[in-house]
Amino acid sequence: MTALSLSPNGKAMPPTMTHRSSGDLRADRRYEYARAAFDEKDFEAAADLARQVLELAPDFAAAHALLGRSLAEQGDREEAAGALRRALELEPDDTLGVRLDLAWLGALPPDGAMTDSYVRALFDEYAPSFDRHLTKSLAYRGPDLVADALRRACSRLDRPYGFGLVLDLGCGTGLMARALEGACGRIEGVDLSRLMLEKARQTRLYADLHESDLVGLLSRRATGEADLVVAADVFVYMASLEAAFRETHRVLGPKGLFSFTVQAHGGEGYVLGADARYAHSEAYLRELAATCGFTVVLLEQASTREDRGKPVPGLLAVFQR
C-alpha cells in the first residue's frame, strides 16, 4: 500500500465544544474567556489566557490543548507541540483530539491521529443537532447516493434490488436505514457513539444496534452471513481501510455487495485533510478491492456534502464479493 502524507493546507484543530471543568471556578472562567478569544481568532490573547488558567490548574488538559492550538496558529510549532504533548499525557484517551494537532505539526504519524475516543466524544456531542446540521447546513446526501448506487448496481448485475441481512457501519442516527427502508430483510447498525445509537433506535428500523468500532464488530460476525454492507461517510474517520475491507469481504456471502463513500484526493494512498477527515484515492480503493477479493461494480466521483457552499470531492462505490 502507498504511504500516507499530510495535506499541505493542514492547520490546528479547534477545541471541542464540550464543557470542561478544571475543578477551580476561577480557572474555568478564564478558560471560557480563552476559548472565546480563540474562536474570535485572537490567538495571542487565547494563549495568554490559557497560561493564566494553567497557573491556577496546572493539570487541566483542555487548557494545555488550547494553549498548544493557539501557539500553533501563531507559528510557534515547538512550544505548541510541547503543550499538546502535555495534554495527551494528562488525557491519553484523547477525547480532545490533540493527536490530530500533533500530526499537523509533524510530531506524530498521521495514521494514528484520529482515535476512537475522539470520534466517540465528537459524535456524542453532535448527536442532538446531527440530522438538522447535516441536511440543512451541509446538504448531506450520502445515504441517498448509496441507495441510488445500489439500485444501479443491481440493475447492472441483473439482480433484484433487495437484501437479506444488511450491516450499516457507522450508522449514526439512522439516515442509511431510512434510505434503504423496504429493501432490507434485516438491518443492523454499529456506531461508536452511544447518543447517536439512541437516535438510531428511535427510527425503529434496526433489528439490532451495536456500540463498537466497525472493524471490531465485523470481526465478531459470522463468515458469509451478510448480503450487504454499507458505510456512508464513515471512512473519512479512518486512515487505512485494509482491515475494514478484509473483514467486510469475510462477512459477506457469495455475490454480496459492499457500498460506501469516501472523500477523494487526486494523489496516491490517503491523506489527512485540512478538514480533519481522511481522503482516499481511487487508485488506493481499486488496489484494496483487488487485494481483498472484490470486484468493482461501480466507482465514480460523487460529493456527499458541502463545505462553505462548495461540494466536497468524493467517491461512491459498489463492490461485489
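You'll find the structure just up there.
Notes on the overall build of the protein
Along its length, the protein carries 13 helices and twelve strands. With an accessible surface of roughly 14200 Å², the protein has 48% of that area assigned to carbon and sulfur atoms.

A look at the packing of aromatic side chains
Summed over the entire model, instances satisfying the criterion amount to 16 aromatic pairs. Centre to centre, the rings of Y31 and F60 are 5.1 Å apart; their planes meet at 65°, and the pair counts as edge-to-face. Of the two residues, Y31 is situated in helix 1 (residues 25-39) and F60 in the loop between helix 2 (43-56) and helix 3 (61-73); the sequence distance between them amounts to 29 residues. You can call Y31 buried: its relative accessible area is 2%.

Digging into the pattern of salt bridges
Any two side chains of opposite charge can pair if their charged atoms end up close together. Applying the stated criterion across every chain yields a total of 16 salt bridges. Across the salt bridge formed by E89 and R86, the nearest N and O atoms sit 3.1 Å from each other. Within this pair, E89 and its partner R86 are both found in helix 4 (residues 77-90), separated by three residues, close to a single helical turn. Judged by its relative accessible area of 56%, E89 is exposed. For the salt bridge of R152 with E300, the shortest nitrogen-to-oxygen distance reads 2.7 Å. Remark: E300 occurs in strand 9 (residues 295-301) and R152 occurs in helix 8 (residues 142-157); sequence separation between them is 148 residues. Residue R152 is classed as partly exposed on the basis of its relative accessible area, which comes to 30%. Connected via shared salt-bridge partners are R186, E188, R221 and E225.

Rules used in this analysis
Residues numbered from 1 in each chain as written. Predicted model: local features only at pLDDT ≥ 70, side-chain atom pairs only at ≥ 80, totals over all residues. Heavy atoms only, no water. Helix = DSSP H or I, 4+ residues; strand = E, 2+ residues; numbered from the N terminus. Areas by Shrake-Rupley, 256 points an atom, 1.4 Å probe, with all protein chains shown as cover. Phe/Tyr/Trp six-rings, centres within 6.5 Å; stacked < 30°, edge-to-face > 60°. Buried < 20%, exposed > 50% of the residue type's maximum accessible area, 1.4 Å probe, protein only. Salt bridge = Lys/Arg side-chain N within 4 Å of Asp/Glu carboxyl O.

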